[in-house]
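# A closer look at the structure
Next come the chains, spelled out residue by residue.
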Amino acid sequence: MAIVKNGELVTSSFVDASGANAIPSEGAVIVNLEQWRTHRDELLKRGTPLGIRLHSDQAPELIADDLPHLAVVALEFPKFRDGRAYSYARLLRERYGFKGELRAVGEVLLEQLFFMLRTGFDAFEILSTDPLKDYRTAVADFSVWYQPAADGRPTAMQLRRAKH
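Residues numbered from 1 in each chain as written. Predicted model: local features only at pLDDT ≥ 70, side-chain atom pairs only at ≥ 80, totals over all residues. Heavy atoms only, no water.

## Quick word on the sheet that holds strand β3 (residues 15-16)
The strand order across the open sheet formed by eight strands is β2-β1-β8-β7-β6-β5-β4-β3, and the pairing between neighbours is mixed. Sheet topology places β2 (8-10) and β3 at the edges, where each strand pairs with a single neighbour. One ladder, built from four bridges, connects strand β4 (residues 29-32) with strand β5 (residues 50-54); its direction is parallel. In the sheet register, V31 faces β5, and the bridge partner there is I52. Of the strands in this sheet, β4 and β5 are in contact with helix α1 (residues 33-46), which crosses β4 at around 145 degrees. (Pairing = 2+ DSSP bridges. Helix = DSSP H or I, 4+ residues; strand = E, 2+ residues; numbered from the N terminus. Contact = heavy atoms within 4.5 Å. Axes fitted to C-alpha atoms, helices over the stretch in contact; angles between N-to-C directions.)

Now the structure itself:
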């Protein structure tokens, strides 16, 4: 699966072991919440970058205390109409101050990339023959915003005031 991060096509250094029967014994890894709860101490002792994948029914407060240990939080979009991950992304950025990679996974639709960016996502698993081109096309749809959001971009009103 291709990952677009900060507008560039990248190869993830993380192995997504979420839901796997065995977690690799070394290297950067993403685990699910159940694996994290079961193997937390062992994973922390490894000294390698760690990530967690949360299902849409697993709110970020479940991992809030562990965020300083995590380099990646992958939020799952199981279906396009399940938008809880948008709220979770904003909570992770604004309430919990998460500065690591916030990755959208699952049913990541191009029509929704722009809104995912606005809520704080900076990495996306995109199923496409040309994910970077599709990403750039999707995020170019809008250039001015009315509402403030987790991405910190200035609103139309702020831009207007800055000109005068």
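## Looking at the side chain of R103
With respect to the helices, strands and loops of the structure, R103 is situated in strand β7 (residues 101-106). For R103, a relative accessible area of 3% gives the class buried. (Buried < 20%, exposed > 50% of the residue type's maximum accessible area, 1.4 Å probe, protein only.)

## Observations concerning the pairing of strand β1 (residues 2-5)
Bridge count for β1 against strand β8 (residues 123-126) is four bridges, and the pairing is antiparallel. Paired with V4 across the two strands is F124, which belongs to β8. The sheet contact formed by β1 and β2 spans three bridges and is antiparallel. Note on β2: the bridge partner recorded for I3 is V10. Taken together, β1 and the strand that follows it, β2, pair antiparallel across an intervening segment of two residues, in which N6 is found at a positive phi of about 50 degrees.

## Some words on the packing of aromatic side chains
What the rule picks out here adds up to five aromatic pairs. Aromatic side chains F77 and Y86 sit 5.2 Å apart centroid to centroid with 75 degrees between the ring planes, which places their arrangement in the edge-to-face category. Relative accessible area serves as the criterion here: at 0%, F77 is assigned to the buried category. According to the relative accessible area criterion, Y86 is buried, its value standing at 18%. Geometrically, the ring pair formed by F114 and F115 is edge-to-face, given 5.4 Å between the ring centres and 80 degrees between the ring planes. Taking relative accessible area as the criterion, F114 reaches 6% and is therefore assigned buried. (Phe/Tyr/Trp six-rings, centres within 6.5 Å; stacked < 30°, edge-to-face > 60°.)

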